[in-house]
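# Architecture and fold: a report
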Amino acid sequence: MLFENFAVRDREEGEDAGPSASAADTVGEDAGPPASDTVGEDAAPSASAADTVGEDAGPPASAADKVPSAFNASKGWFEKFKKRFGLKNVSLHGEMASADTAEAEAFVNNKFKAIIEEGGYKPEQVFNMDETALFWKRMPSRTFIMQEEAKAPGFKVHKDRLTLAMCGNAAGFMIKPGLIYRSKNPRALKNKNKDDLPVYWMYNAKAWMTKVLNLDWFKNCFIPEVKCYLRGKGLDFKVLLLLDNAGGHGNDLAYDGVQIEFLPPNTTSLIQPMDQGVIRAFKALYTRNTLQHLVDAMDSDQDFSLKDYWRGYTIASCLQNIQRAIQEMKTETLKACWKKLWPEAVQNATGGSLDEVHHSAVETAVNLAKQIGGDGFNDMSPDDINALIDGDADAQPLTDAELAEMTKPQSDDEREEGEEDTRDEEEGLTLGRLATMVRMATELKRVAEEWDPLMSRSLHFSNVIDGGMSVYKDLFAKKKKERQQLPITMFFSRTNTPAPRASEEENTAERSQDAAAQSEEQ
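This is a predicted model, so every value here is computed, not measured.

Below, the discussion takes up the nonpolar core. Of all hydrophobic cores here, the largest spans 70 residues; its most connected members are Trp136, Leu162, Leu179, Trp201, Ile315 and Ile322. Counting residues per element, this core draws most heavily on helix α7 (residues 278–300), which supplies eleven residues. Counting residues in each nonpolar core, the second largest holds 25 residues, with Met129, Ile175, Ile180 and Tyr229 among its members.

Structure, rendered in structure tokens:
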């Protein structure tokens, strides 16, 4: 109704119409001249107050009697409308709508300050963890790939969601994020060592944090990561971990040297560090990285197909973009998110704000979308990206119906993220695969040297390749040496020769005796 009133006012002011129209001759932009100007039999009839409704119409209707028609604004009109009246897209994150300001201030000024003083904690020893949902294979809804997927039957990959447990300290350090997915062994991660992933891998059917998984993360991810970090800093293992009151956070977490403190209800949007823009900036970076990955693939393949690319974008691709987004979040920027809870710890913060990181990532994502082109990409706006990012905030655990749909894949696209195939086949970095990698690296250096007119650049490239390949070359040499040291009998199969029968033994003995006798005679 608000937009309809403004639209009516715009029409009355004549922003997009021709000459101004009085109440007696209001017929729209295409109306003919007034009634006094005769233009012939085929001309449009004049539009006075008495005859604007046609030949068969009844008495003229007053403004109060008119039934307003439905107003449908185009995207361009809406963008101009927002710009004209200075309107912006403002989203309330976390518990902002029901935040308890008084409780938050009391916790910061009294309880939290007392905990820090009594425990003698340093910024490196105070951590906060919060989880967030990530629809890892979703684009803005107006893009043609999302439109086509919505029409297709069966599994909808844009509904496939994971949960990230993001944890960092007041010194701006973030530990390896925990990740909860609905599958234990996705096909895209076949033969991958789960302990060597850029995330701590967990799973349950609904891809949601539970008390069991919370305990798993605490014991097997948080404790080892923090011990290693503090050891490197030369600090004692004395840790304060702040958590919110989410249902998946167990109250039975315990470990020597670790104090667990729960934030007051309805205060996370006000004082929880991870909820002060860290997660939102991370999602903006993840979205930008996903689009950048797409553009890079498009530039390197003359026969590029967006549909084929999106089909091949797996959970393994997602992990790469998660890692890049985490690495791009600078220490000083992460420290700034503790300002509301612990201002003394960030007095000298010099890094850019998380809002700046978020804004820069969104702007870059919009520019990348225009490079991709196509419906929904050409006219993508920052609001589209922000709607995609903020759409994850209200995510709920997968329903039984969604789980049933996801566990019954109906196409090759859907089977891509299914459980791994358990059939026996060659796994890992075998000697043959390592040899192929070394050979490909050598060929890559050769073509760079041959095609690049700038020798200094090609030499730099070759040095980078050599540096990156050194670990694989060492492994190749080691495996090759191990193979050379194997006993030669390992390459032969052992066969059991049957014992000769009695008659054969006698014949053999007689032939031996005859041969010996002939030899003596000679």
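Now that the structure is up, let's keep going.
Strand residues, when the strand is regular, have side chains that alternate between the two faces of the sheet. Counting buried residues in strand β5 (residues 239–243) gives five out of five residues, a clear majority hidden from the surface. Here β5 shows no split at all, with Val239, Leu241 and Leu243 on one side and Leu240 and Leu242 on the other all buried. Examined bridge by bridge, strand β1 (residues 126–134) and β5 share three bridges and lie parallel to one another. Looking at the pairing, Phe127 lines up with Leu241 of β5. The pairing of β5 with strand β6 (residues 258–262) spans five bridges and is classified as parallel. Across the sheet, Leu240 pairs through a bridge with Gln259, a residue of β6.

Glancing now at empty space enclosed by the protein. Summed over the entire model, instances satisfying the criterion amount to two cavities of 30 Å³ or more. Of the pockets and cavities examined, the largest cavity occupies roughly 130 Å³. Together, 15 residues line the largest cavity, and Phe135, Arg138, Tyr286, Thr287 and Leu388 are the ones closest to its centre. Secondary-structure elements contributing two or more residues to the lining of the largest cavity are α7 and α12 (382–390). Examining the composition of the lining of the largest cavity, we find that five residues originate from one element, α7, more than from any other.

Taking 1.5 Å per residue, 19 residues should reach 27 Å; helix α3 (residues 101–119) reaches 26 Å between its end C-alpha atoms and fits that length. Of all the bends found along α3, the most pronounced is centred on Phe107 and spans about 40°. Listed in full, the buried residues belonging to α3 are Ala104, Phe107, Val108, Phe112, Ile115 and Ile116. The inward-facing, buried residues of α3 contact β1, β5, β6 and α6 (268–271).

Our focus in this paragraph is the confidence of the model for the protein. Atom-level detail of predicted coordinates should not be read off regions where pLDDT is low. Residues with a pLDDT of 70 or more make up 64% of the protein, whose mean pLDDT is 77. Overall, residues 13–59 carries pLDDT values under 50, and its contacts beyond four positions in sequence, including any with other chains, amount to 23 contacts. Across residues 90–97, confidence stays below pLDDT 50; counting only partners more than four residues off in sequence or on other chains, it has 13 contacts.

A few words on the pairing of strand β2 (residues 162–169). Summarising burial for β2: eight of the eight residues are buried, a large majority. Burial along β2 is two-sided: the residues Leu162, Leu164, Met166 and Gly168 and Thr163, Ala165, Cys167 and Asn169 are all buried. The pairing of β1 with β2 spans eight bridges and is classified as antiparallel. Each residue of the ladder has a partner; that of Met129, found in β2, is Cys167.

This brings us to the sheet that holds β5. Pairing within the open sheet is mixed, and its six strands lie in the order β4-β3-β2-β1-β5-β6. Each edge of the open sheet is held by one strand with a lone partner, namely β4 (200–203) and β6. Each neighbouring strand pair of the sheet contributes to a mean axis angle of 25°, computed without reference to strand direction. Here α3 sits on the sheet in contact with β1, β5 and β6, set at roughly 170° to β6.

Let us look at the packing of aromatic side chains. Here the structure, examined in full by the defined rule, presents 14 aromatic pairs. Considering the side-chain rings of Phe127 and Tyr229, the 6.4 Å spacing of their centres and the 85° angle between planes classify their relative orientation as edge-to-face. Separated by 102 residues along the polypeptide, Phe127 in strand β1 and Tyr229 in helix α5 (residues 211–233) bring together distant segments of the chain. For the pair shown, Phe127 and Tyr229 are each scored as buried. Aromatic pair Trp136 and Tyr313: ring centres 6.1 Å apart, planes at 25°, arrangement stacked. One end of the pair, Trp136, is in the loop between β1 and α4 (144–151); the other, Tyr313, is in the loop between α8 (306–311) and α9 (315–327), with 177 residues separating them in the sequence. Like Trp136, the residue Tyr313 is buried in the burial classification. Clustering of aromatic rings is evident, with ring pairs tying together Phe127, Phe173, Trp217, Phe218, Phe222 and Tyr229. For the cation-ring pair, Lys137 lies above Trp310, with the distance from its terminal atom to the ring centre recorded as 6.0 Å. A cation over an aromatic ring shows up here: Lys227 above the ring of Phe237, its NZ or CZ 5.6 Å from the ring centre.

Next up on the list: the pattern of salt bridges. All told, the structure shown has eleven salt bridges when counted by the stated rule. A salt bridge links Asp160 to Arg182; the nearest nitrogen and oxygen atoms lie 2.9 Å apart. Remark: Arg182 occurs in the loop between β3 (178–181) and β4 and Asp160 occurs in the loop between α4 and β2; sequence separation between them is 22 residues. Two residues, Arg446 and Glu450, come together in a salt bridge whose shortest N-O distance is 2.7 Å. Note that Arg446 and Glu450 are positioned in helix α15 (residues 431–451) at a spacing of four residues, about one turn of the helix. Three or more residues joined by partner-sharing salt bridges are found here, namely Glu443, Arg446 and Glu450.

The rules behind the values
- Residues numbered from 1 in each chain as written.
- Predicted model: local features only at pLDDT ≥ 70, side-chain atom pairs only at ≥ 80, totals over all residues.
- Heavy atoms only, no water.
- Core = buried A, V, L, I, M, F, W, Y, C linked by side-chain atoms within 4.5 Å.
- Buried < 20%, exposed > 50% of the residue type's maximum accessible area, 1.4 Å probe, protein only.
- Helix = DSSP H or I, 4+ residues; strand = E, 2+ residues; numbered from the N terminus.
- Pairing = 2+ DSSP bridges.
- 1 Å grid on protein atoms, 1.4 Å probe; cavity = no way out; pocket = protein on both sides within 12 Å on 5 of 7 lines; lining within 4 Å.
- Points joined across faces, edges and corners; volume = space filled by probe spheres on them.
- Expected span 1.5 Å × (residues − 1).
- Bend = angle between axes of the 7 residues up to and from the residue.
- Contact = heavy atoms within 4.5 Å.
- pLDDT = per-residue confidence, 0-100.
- Axes fitted to C-alpha atoms, helices over the stretch in contact; angles between N-to-C directions.
- Phe/Tyr/Trp six-rings, centres within 6.5 Å; stacked < 30°, edge-to-face > 60°.
- Lys NZ or Arg CZ within 6 Å of the ring centre and 35° of its normal.
- Salt bridge = Lys/Arg side-chain N within 4 Å of Asp/Glu carboxyl O.

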